[in-house]
Amino acid sequence: MYADSLYALSYLLLEDNTAAEQVTTNTFLELCEPFAQDNWDPKTFSLHAYQSCIRQCTERVVDVDRQLLSPDTPTLDEKALEFLWYGLKLPLIEISVILSNSIPTLKEQLIMIRERARVKASTMQVLPRKNLDQIRLVNLAQK
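The model shown is predicted, which means the values in this text are computed figures rather than measured ones.

(A) Representation of the packing of aromatic side chains within the structure. Inspection of every chain in the model, using the stated rule, returns four aromatic pairs. Ring geometry for Tyr2 versus Phe45: centroids 5.8 Å apart, planes at 40°, classification tilted. A residue pair is termed long-range when its members are at least 10 positions apart, and Tyr2 in the segment before helix H1 (3-14) and Phe45 in helix H3 (residues 42-60) qualify at 43 residues. With centroids separated by 6.2 Å and ring planes inclined at 20°, the aromatic side chains of Tyr7 and Tyr11 adopt a geometry described as stacked. With Tyr7 and Tyr11 both in helix H1, this residue pair falls four residues apart, about one helical turn. Note on Tyr7: relative accessible area 27%, which makes it partly exposed. A network of ring pairs unites the aromatic residues Tyr2, Phe28, Phe35 and Phe45 as a single cluster.

Encoded structure:
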């Protein structure tokens, strides 16, 4: 039930198919025993699964000097928040539990994410229709 969303989250954070598959598998292995002993609660399981997935991804990511990265480069937490909010459409209260952040902090991060996306979209150069048609013709000619 959660395999696809866990894989998508881990792939988004790690950008590596093999590592994403390993994290997804390890997440289920890690949570299998505790949830087999307790009463099965899908809601609680999903929250623990996302937490475990994010923790494992964070452990796998090599520490990169943030000063070398652009200020526009999203952190793992921001990527996870974006996926949980826009991709899975989880409520902020659940995201708050998963990421261990307060709702006001999450709202501030979402505002920054939206602003960064707006700036990125406004700076993208839009090709005129004529240029797009020429690109398509060149691509068709190459085939």
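(B) Structural view of the confidence of the model for the protein chain. Across the protein chain, the average pLDDT comes to 82, with 78% of residues at 70 or higher. Mean pLDDT values for the elements of the protein chain range from 57 in helix H7 (residues 129-142) up to 94 in helix H5 (residues 92-99). Across residues 63-67, confidence stays below pLDDT 50; counting only partners more than four residues off in sequence or on other chains, it has four contacts.

(C) Structural context of the pattern of salt bridges. Here the structure, examined in full by the defined rule, presents five salt bridges. We note a salt bridge from Glu15 to Lys79, for which the minimum N-O separation is 3.3 Å. With Glu15 in the loop between H1 and helix H2 (17-37) and Lys79 in helix H4 (residues 76-87), the pair connects residues that are 64 residues apart, well separated along the chain. With a shortest N-O distance of 3.4 Å, Arg55 and Glu59 are connected by a salt bridge. With a gap of four residues between them, Arg55 and Glu59 both fall in helix H3, about one helical turn apart. For Arg55, a relative accessible area of 35% gives the class partly exposed.

(D) Expanded view of the packing of H3 against H4. Put simply, H3 and H4 touch, their axes get as near as 11 Å, and they point 150° apart. Considering the angle they form, H3 stands roughly antiparallel to H4. Classified by chirality, the crossing of H4 by H3 is right-handed. Counting all contacts with H3, which are made through Tyr50, Ile54, Cys57 and Thr58, the residues of H4 involved are Leu76, Ala80 and Leu84. Of the residues that constitute the contact of H3 with H4, the class distribution is six nonpolar, one polar and no charged.

Definitions and limits used
- Residues numbered from 1 in each chain as written.
- Predicted model: local features only at pLDDT ≥ 70, side-chain atom pairs only at ≥ 80, totals over all residues.
- Heavy atoms only, no water.
- Phe/Tyr/Trp six-rings, centres within 6.5 Å; stacked < 30°, edge-to-face > 60°.
- Helix = DSSP H or I, 4+ residues; strand = E, 2+ residues; numbered from the N terminus.
- Buried < 20%, exposed > 50% of the residue type's maximum accessible area, 1.4 Å probe, protein only.
- pLDDT = per-residue confidence, 0-100.
- Contact = heavy atoms within 4.5 Å.
- Salt bridge = Lys/Arg side-chain N within 4 Å of Asp/Glu carboxyl O.
- Axes fitted to C-alpha atoms, helices over the stretch in contact; angles between N-to-C directions.
- Parallel < 35°, antiparallel > 145°, perpendicular 65-115°, else oblique.
- Left-handed = near helix turned anticlockwise from the far one by under 90°.
- Nonpolar A, V, L, I, M, F, W, Y, C, P; charged D, E, K, R; others polar.

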